[in-house]
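Take a look at the letters that make up each chain.
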Amino acid sequence: MKKIEAIIRKSKFNEVRKALHEADIDFLSWWDVKGQGDAKQGLIFRGIAYDINAIDRIYISFVVRSINLEKSIDAILKSAYTGESGDGRIFVSSIEQSIRIRTGDHGDDSLYNKEGE
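Residues numbered from 1 in each chain as written. Predicted model: local features only at pLDDT ≥ 70, side-chain atom pairs only at ≥ 80, totals over all residues. Heavy atoms only, no water.

Colleague: It is not clear to me how the sheet that holds strand β5 (residues 54-64) should be interpreted in this structure. Could you clarify?
Modeller: Two pairing modes exist for strands in a sheet, parallel and antiparallel, and in both the strands are linked by backbone hydrogen bonds. Spatial ordering of the open sheet is given by β2-β5-β1-β6, a layout of four strands whose pairing is antiparallel. Looking at which strands have only one partner, the edges of the open sheet turn out to be β2 (29-36) and β6 (88-94). On average, adjacent strands in this sheet sit at an angle of 25 degrees to one another, irrespective of strand direction. Here β2 pairs with β5 via eight bridges, running antiparallel. Bridged to tryptophan 30 within β5 is isoleucine 60. Across the sheet, helix α1 (residues 13-22) touches β1 (2-9), β2 and β5, and the angle it forms with β5 is around 10 degrees. (Pairing = 2+ DSSP bridges. Helix = DSSP H or I, 4+ residues; strand = E, 2+ residues; numbered from the N terminus. Axes fitted to C-alpha atoms, helices over the stretch in contact; angles between N-to-C directions. Contact = heavy atoms within 4.5 Å.)

In structure tokens, the structure reads:
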């Protein structure tokens, strides 16, 4: 089992969610977050200086069976891509154990993206 975490542009969230759904990933969590990259820029509007380094992003997190890892990553890569700086990052980590509270299922059986479900 793998945990996928992605930080993406807020404007691409609906596309990413749709692409994940098409890849049979229907259970995920997300948060509105702010982030700062290495770009150093500001904006002056009507004489007021604004710091635009802190930009709105969406943080997505979900766990998949290892066999669904690549199609999940591909779905995010293709749908979140703009080609511009700031498209985001994807992080993958291993999950030792998963338990579905309602049924007590362990491991792959506890996840929502089983084959045929």
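Structure's up, so let's keep going.
Colleague: Help me understand the environment of aspartate 108, please; the structure alone is not making it clear to me.
Modeller: Considering the arrangement of structural elements, one finds aspartate 108 in the segment after β6. Residues aspartate 108 and methionine 1 lie 107 residues apart in sequence; the distance between their C-alpha atoms is 7.0 Å.

Colleague: Help me understand the packing of aromatic side chains in this model?
Modeller: A ring pair, where both rings are aromatic, is described by two values, the distance of the centres and the angle of the planes. One pass over the structure, following the stated rule, counts two aromatic pairs. Pairing phenylalanine 13 with tryptophan 30 gives two aromatic rings, centres 4.9 Å apart and planes at 50 degrees, and the pair type is tilted. Here phenylalanine 13, found in helix α1, pairs with tryptophan 30, found in strand β2; they are 17 residues apart in sequence, far enough to count as distant. By relative accessible area, phenylalanine 13 is classed as buried at 9%. In this structure tryptophan 30 comes out as partly exposed when scored by relative accessible area, which is 40%. Considering the side-chain rings of tryptophan 31 and tyrosine 59, the 5.3 Å spacing of their centres and the 55 degrees angle between planes classify their relative orientation as tilted. Of this pair, tryptophan 31 sits in strand β2 while tyrosine 59 sits in strand β5, placing them 28 residues apart in sequence. We classify tyrosine 59 as partly exposed; its relative accessible area is 22%. (Phe/Tyr/Trp six-rings, centres within 6.5 Å; stacked < 30°, edge-to-face > 60°. Buried < 20%, exposed > 50% of the residue type's maximum accessible area, 1.4 Å probe, protein only.)

Colleague: Explain the pairing of β1 here, please?
Modeller: The side chains of a regular strand alternate, first on one face of the sheet and then on the other. Bridge count for β1 against β5 is eight bridges, and the pairing is antiparallel. In the strand pairing of β5, glutamate 5 is matched with serine 61. Sheet topology places β1 next to β6; seven bridges connect them, and they run antiparallel. Each residue of the ladder has a partner; that of isoleucine 8, found in β6, is glycine 88.

Colleague: It is not clear to me how the pattern of salt bridges should be interpreted in this structure. Could you clarify?
Modeller: Two side chains with opposite charge may pair up if their charged atoms get near one another. Overall, the coordinates contain six salt bridges when judged by the stated rule. Linking glutamate 5 and lysine 3 is a salt bridge whose minimum nitrogen-to-oxygen distance equals 3.8 Å. The class for glutamate 5 is buried, based on a relative accessible area of 17%. Among the ionic pairs, arginine 9 bridges to aspartate 87, the shortest N-O distance being 3.0 Å. With arginine 9 in strand β1 and aspartate 87 in the loop between α2 (69-80) and β6, this residue pair connects regions lying 78 residues apart in the sequence. Note on arginine 9: relative accessible area 15%, which makes it buried. (Salt bridge = Lys/Arg side-chain N within 4 Å of Asp/Glu carboxyl O.)

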